[in-house]
Amino acid sequence: MTFNAAALLLLIAGLALIGWIAGRARSNLLAARAQAKLHSRPQYHGWYVALWLFAPAALFLAVWSAVSPGLITNDVLASEAAKDLPAFGFERGAILSDARNVAQGKQDAVRIPAAAPLVAPYADATHLYAWIGIGAMLALALAGGLYAFTRIKPDFRARTRVEKIVMLVLLLASLVAILTTFGIVLSLLFESIRFFRLVSPAELLFGTNWAPTSGAPQDDTFGGIPLFWGTILIGAIIAMIVAIPIGMMTAVYLTQYAAPRVRRWVKPLLEILAGVPTVVYGYFAALTVAPALREFAVMLGIPNASTESALAAGIVMGVMIIPFVSSMADDSINAVPQAMRDGSLALGATPNETIRQVLIPAALPGVMGGILLAVSRAIGETMIVVMAAGLSANMTANPFASVTTVTAQIVKLLTGDQEFDSAKTLAAFALGLVLFVVTLLLNIVALRIVKKYREAYE
Amino acid sequence: MTQDDLTISDPKMTAHNVNVFYGEKQAINDVSIDVGTELVTAFIGPSGCGKSTFLRSLNRMNDTVAGAKVTGHIALDGEDIYAPSMDVVQLRARVGMVFQKPNPFPKSIYDNVAYGPRIHGLAPNKSDLDGIVEKALMRAGLWDEVKDRLGESGTALSGGQQQRLCIARAIAVDPEVILMDEPCSALDPIATAKIEELIHELRGKFAIVIVTHNMQQAARVSQRTAFFHLGTLVEYGKTTDIFTNPKQERTKDYITGRYG
Ligand SMILES: Nc1ncnc2c1ncn2[C@@H]1O[C@H](COP(=O)(O)OP(=O)(O)OP(=O)(O)O)[C@@H](O)[C@H]1O
Ligand SMILES: [Mg+2]
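Computed from a predicted structure; not experimentally measured.

## A word on the overall build of chain B
A count of helical and extended segments in chain B gives 10 helices and 10 strands. Computed over C-alpha atoms, the radius of gyration of chain B comes to 18 Å, within 12% of the 18 Å expected from 2.2 N^0.38 for 260 residues, which places it in the range of a compact globule. Taking the principal axes of the C-alpha coordinates as reference, chain B spans close to 55 × 45 × 40 Å. Split into buried and exposed, the 260 residues of chain B put 53% on the buried side. Within chain B, residue pairs in contact and separated by at least 24 positions form 66% of the contacts whose partners lie at least 6 positions apart. Looking at chain B as shown, the accessible area adds up to about 11,100 Å², and 49% of this sits on carbon and sulfur atoms. Charge separation in chain B, taken as the distance between the mean sites of 28 positive and 32 negative side-chain charges, equals 3 Å.

What follows is the structure, encoded as structure tokens:
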């Protein structure tokens, strides 16, 4: 007997259906008997019973699925048979999972001999906890259902109660996203702390030599500066040089000059550009833009021009960000009151002068916020740089040379055969944390600016 | 000839048989009117009758409204302002406009006033520009209040000060005509009185056209009054005549407050 969450969920859903029918029937019956009018329609009584039956049991099911494996393992470790296990590390984990797989019928026989004596305790513990779980769940479902069932009376306000329960369910759903983010941040933090026990934060933040492949920590192996520089060069400099002017000009054209018909076509097209998967941009950068740029560089006689270049990645990333910048700028320019524009035109300014001297300065705070958001997106972007920017950690301002970025290195550190507690692997988490903190700060600042700007015109 | 003579021998602007359409809809129907050089002309009439529309056709601000179309003949100093050869930018420098809601640019007080002179290249150097800004602010009666804080943002002024700043901004380019669309409707009585005083002082230097919903204001500041109703010009004449002895029944009803 194992604990099959999906089947159990179906079971309580079935019970809930029965509860719904019963609740409905009972409310009708009671109303008929007492010759009274129901406060809520019979369905609501049905829903009330069904929700009380389903929700607590389902919640318990979720919690139990999460904690019971831990409880089972604890029980097994406490048994006599576990005395001979190796103390730590992968071997111990492998033996335990081998025994678990056999006990739960996922595999026919043990692959590691040392796991054999553990199979029986595992099977016992699994049974035990499965029964406890199922029993508790059914008890909860029945208790909830009975509680709701006994409360049905003609004047019971099932409709308002259901409303409250539904609100609670919606609240829980929204909490899922928040809690998940929180969990991710915590795990990032936790792994980073493990990394910083091996390598000092100062080295990561200020070191200038990035060479994590060598394994054992040595002088300045995890110096992050080359990665940070590469990230800034591609995401904050080259991409923005492309995206800001083009995005701004697009926005100005669309808001000030384009006929409504043109606008109706161009805006959705730009949104499609924003929806292209980044991997497509990535191979466009790697296969089309990068070789062309290299030829161009060779023609100019630029030394060490590489097929993987900061310029190729940066330009394509800039193109990717254009819709983002233009739609933010579009919003900000549109938010500048028409009166401002009229005031300038009435003084005899041309539309162009009006845009340059009144609209853009007035829209600037909003546009700045949009640009910061765009930067934070660009530095978190991965596919393009992995495919087009290269992996060699160079500290160079030559845009034709190959550089690497934080995201590209994270990918490199985590792909291939990895041990999960080497400094090299943990470095990925530390880099992720740095990236997370930077983009978070950028987002906070940007949103503040945008908000303040919006308030100025409301 | 006195200033209050009805015949305008030397009109600044003339409009003949003007129609204005927004798409299919006609907002102004066959309006003819002369605007005197040294006079303040008031446009009155119930809401939606087309006062703003007609006013905006005098400096071609209707061009900025998609679908707006003007027919008929409007001239400034005898020159057709809707002729293809007319430079709209130049026209708007000669026919300035003040809006209902104060709309200073989010720039400093100084830059607000200097905006027009700068784009039209009226000041060859900084000290000339300073002079123009000071003179415009003086004429708008705002100089004493802001002379120590010209660098502060124009949007930080009070509503009445902002409106006077907008007037200063309009007169800084030295226009010949100033159009004002309900310039006091967003202001309190004291600020309103200041603007009215200002209109008195500006009269004679510029031709002024003012749209207002306030009968007393029209009576106080203008020498000519035009009463619009449903897109047509019902009656136009000396302000004193319109208010004491209207010829049309509709005008009488309106100024005595029987509808509006
Ligand atoms: N941009 C526009 N597009 C379409 N119709 C318009 C537009 N502006 C004004 N109108 C219409 O033209 C008519 C005249 O409007 P206008 O704004 O000139 O009236 P008004 O006399 O200034 O009114 P108020 O005293 O309320 O300011 C109204 O019926 C209005 O609905
Ligand atoms: Mg109006």
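## Observations concerning unusual backbone geometry
The phi angle of most residues is negative, glycine excepted, and most peptide bonds adopt the trans form. Residues and elements named next belong to chain B. Even without being glycine, N17 reaches a positive phi, approximately 50°. Relative to the assigned elements, N17 resides in strand β1 (residues 11-22). Of note in this structure, L230 is not a glycine but carries a positive phi near 50°. Here L230 lies in the loop between β9 (224-229) and β10 (232-238). The exposed category is assigned to L230, whose relative accessible area is 69%.

## Some words on the sheet that holds strand β2 (residues 25-36) of chain B
All names here are of chain B. Overall, antiparallel pairing links the four strands, which are arranged β2-β1-β4-β5 in an open sheet. The open sheet has two edge strands with one neighbour each: β2 and β5 (79-80). As defined by bridge partners, strand β4 (residues 68-76) adjoins β5 across two bridges and the pair is classed as antiparallel. What sits directly across from L76, in β5, is E79.

## Observations concerning the confidence of the model for chain B
Residue and element names in this part refer to chain B. In this model, chain B carries an average pLDDT of 90, and 96% of its residues clear a pLDDT of 70 or more. By mean pLDDT, helix α7 (residues 189-202) is the weakest element of chain B at 88, and strand β3 (residues 40-44) is the strongest at 95. pLDDT under 50 marks residues 1-6. Its contacts with residues more than four places away, or in other chains, come to 14 contacts. With a pTM of 0.72, the predicted complex shows an ipTM of 0.90.

## Examining the side chain of T251 of chain B
Residue and element names in this part refer to chain B. Following the sequence through the fold, T251 ends up in helix α10 (residues 249-255). Exposure remark for T251: the relative accessible area of 0% places this residue in the buried category. For T251, the residues in contact, after removing those within four places along its chain, are F227, V234, E235, I242 and P246.

## Regarding the side chain of T250 of chain A
Residue and element names in this part refer to chain A. Looking at the secondary structure, you find T250 in helix α7 (residues 225-257). Residue class for T250 comes out buried when judged on its relative accessible area of 18%. Of the polar contacts made by the side chain of T250, one reaches the backbone oxygen of I246; its length is 2.5 Å. Residues within four places of T250 in sequence aside, it is in contact with L270 and S326.

## So, the interface of chain B and chain A
Chain B puts 22 residues into the contact, and the matching count from chain A is 17 residues. Roughly 1,500 Å² is buried in total at the junction of chain B and chain A, and carbon and sulfur atoms are behind 65% of that figure. Where chain B meets chain A, there are zero salt bridges. Among the secondary structure elements, those contributing two or more residues to the side of chain B that touches chain A are α2 (88-94), β6 (95-98), α3 (109-119) and α6 (159-171) of chain B. Within the side of chain B that touches chain A, the residues separate by chemical class into 13 nonpolar, five polar and four charged.

## Concerning the sheet that holds strand β7 (residues 177-181) of chain B
All names here are of chain B. Here we have six strands laid out as an open sheet, ordered β6-β7-β8-β3-β9-β10, and mixed in their pairing. At either margin of the open sheet sits one strand with a lone partner, and together these are β6 and β10. Between one strand and the next, the sheet's axes are offset by a mean angle of 15°, whatever the strand orientation. The pairing of β6 with β7 spans four bridges and is classified as parallel. Directly across from G96, in β7, lies its bridge partner I178. Contacting β6 and β7, α6 runs over the sheet at an angle of about 170° to β6.

## As for the site of ligand 1
All names here are of chain B. Close contacts around ligand 1 come from 13 residues, with K25, S47, K51, S52 and T53 the closest. Taking K25, its side chain carries an N or O atom lying 2.7 Å from an oxygen atom of ligand 1. Here an oxygen atom of ligand 1 and a backbone polar atom of G48 are 2.8 Å apart. Relative to its unbound accessible surface of 630 Å², ligand 1 loses 63% to contact with the protein. Sorting the residues of the shell around ligand 1 by element identifies β2 and α1 (51-57) as the ones contributing at least two each. Looking at the shell around ligand 1, the element that brings in the most residues is α1, giving three residues. Its residues placed into classes, the shell around ligand 1 shows four nonpolar, six polar and three charged.

Definitions and limits used
Residues numbered from 1 in each chain as written. Chains lettered and ligands numbered in written order. Predicted model: local features only at pLDDT ≥ 70, side-chain atom pairs only at ≥ 80, totals over all residues. Heavy atoms only, no water. Helix = DSSP H or I, 4+ residues; strand = E, 2+ residues; numbered from the N terminus. Rg over C-alpha atoms; globule rule 2.2 N^0.38 Å. Buried < 20%, exposed > 50% of the residue type's maximum accessible area, 1.4 Å probe, protein only. Contact = heavy atoms within 4.5 Å. Areas by Shrake-Rupley, 256 points an atom, 1.4 Å probe, with all protein chains shown as cover. Lys, Arg positive; Asp, Glu negative; His and termini not counted. Charge placed at Lys NZ, Arg CZ, Asp CG, Glu CD. Pairing = 2+ DSSP bridges. pLDDT = per-residue confidence, 0-100. Polar contact = N/O pair within 3.5 Å; in protein donor to acceptor, adjacent residues only side chain to side chain. Buried area = accessible area lost by both parts, 1.4 Å probe. Salt bridge = Lys/Arg side-chain N within 4 Å of Asp/Glu carboxyl O. Nonpolar A, V, L, I, M, F, W, Y, C, P; charged D, E, K, R; others polar. Axes fitted to C-alpha atoms, helices over the stretch in contact; angles between N-to-C directions. Near = heavy atom within 4 Å.

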